[in-house]
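# Analysis of the macromolecular model
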Amino acid sequence: MSLVYEGYERQYCELSANLSRKCNSAATLPDGEKKKQEISELQAGLDDADVLIRKMDLEARSLQPSVKATLLAKLREYKSDLNKLKREVKKLTMPNSNQPAHEELLESGMAGGHEASANQRDRMAMSTERLNQSTDRIRESRRAALETEELGLSDVDSAIDKGKKVLTSMTRRMSRNKWIVGSIIAALILAIIVVLYFKIFH
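What comes next is a walk through the structure.

The rules behind the values
Residues numbered from 1 in each chain as written. Predicted model: local features only at pLDDT ≥ 70, side-chain atom pairs only at ≥ 80, totals over all residues. Heavy atoms only, no water. Helix = DSSP H or I, 4+ residues; strand = E, 2+ residues; numbered from the N terminus. Areas by Shrake-Rupley, 256 points an atom, 1.4 Å probe, with all protein chains shown as cover. Buried < 20%, exposed > 50% of the residue type's maximum accessible area, 1.4 Å probe, protein only. Contact = heavy atoms within 4.5 Å. Salt bridge = Lys/Arg side-chain N within 4 Å of Asp/Glu carboxyl O.

### Some details on the overall build of the protein chain
Scanning the protein chain from N- to C-terminus turns up five helices and zero strands. Listing each helix as α and each strand as β along the protein chain from the N terminus yields α-α-α-α-α. A total of about 14300 Å² of accessible surface is found on the protein chain, and carbon and sulfur atoms cover 60% of it.

Here it is in structure tokens:
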């Protein structure tokens, strides 16, 4: 899997978990400046999440078809979760958003409230699990990259050692050949001198 995609995914999962916590916290606040500030931060976070989703989508589409299909399926889940979060944040922006929720709890009983809380916990748990999975994949990719790098360095060192041995052997052979050639030349010169001596003096 692409390390670039995994980086975006990790950022998204962290952001998604953080936005879920903020949304749960803002839902308990009364209408006021504090709640407006929380909503403003949530909306900015949602914009950042949209940017990360688009980056993941572009990166996924640039990969091999087999990998692309898996990542795009996962992206659809992220988009669905993000849309749910957007709807919850939108509810918070409605005037007296706490009052309808309170009336709904009175009408439907506490079961509805427990179910919503359970859904929020499930979403946070899912985001945390995805974050952990993304972290594990990044760690595994880095480990594989380091092992490949170490293997490559080992091969390079081995090749350098072999090269040194070959050069040393060639140097010795050339030196030995020089002595042999020199000896032959000296013998030939001596033979020529002997032949000339006998021709001149005999």
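### Some details on the environment of Lys79
Relative to the helices and strands, Lys79 resides in helix α3 (residues 65-93). With relative accessibility at 36%, the residue Lys79 sits in the partly exposed group. Non-local contacts of Lys79, meaning those with residues more than four positions away in its chain, are made with Ile53 and Asp57.

### Quick notes on the pattern of salt bridges
Enumeration according to the criterion identifies nine salt bridges in this entry. Linking Lys22 and Glu41 is a salt bridge whose minimum nitrogen-to-oxygen distance equals 2.8 Å. Linking Lys22 in helix α1 (residues 3-27) with Glu41 in helix α2 (residues 33-61), this pair joins segments that are 19 residues apart in sequence. Among the ionic pairs, Glu38 bridges to Lys34, the shortest N-O distance being 3.7 Å.

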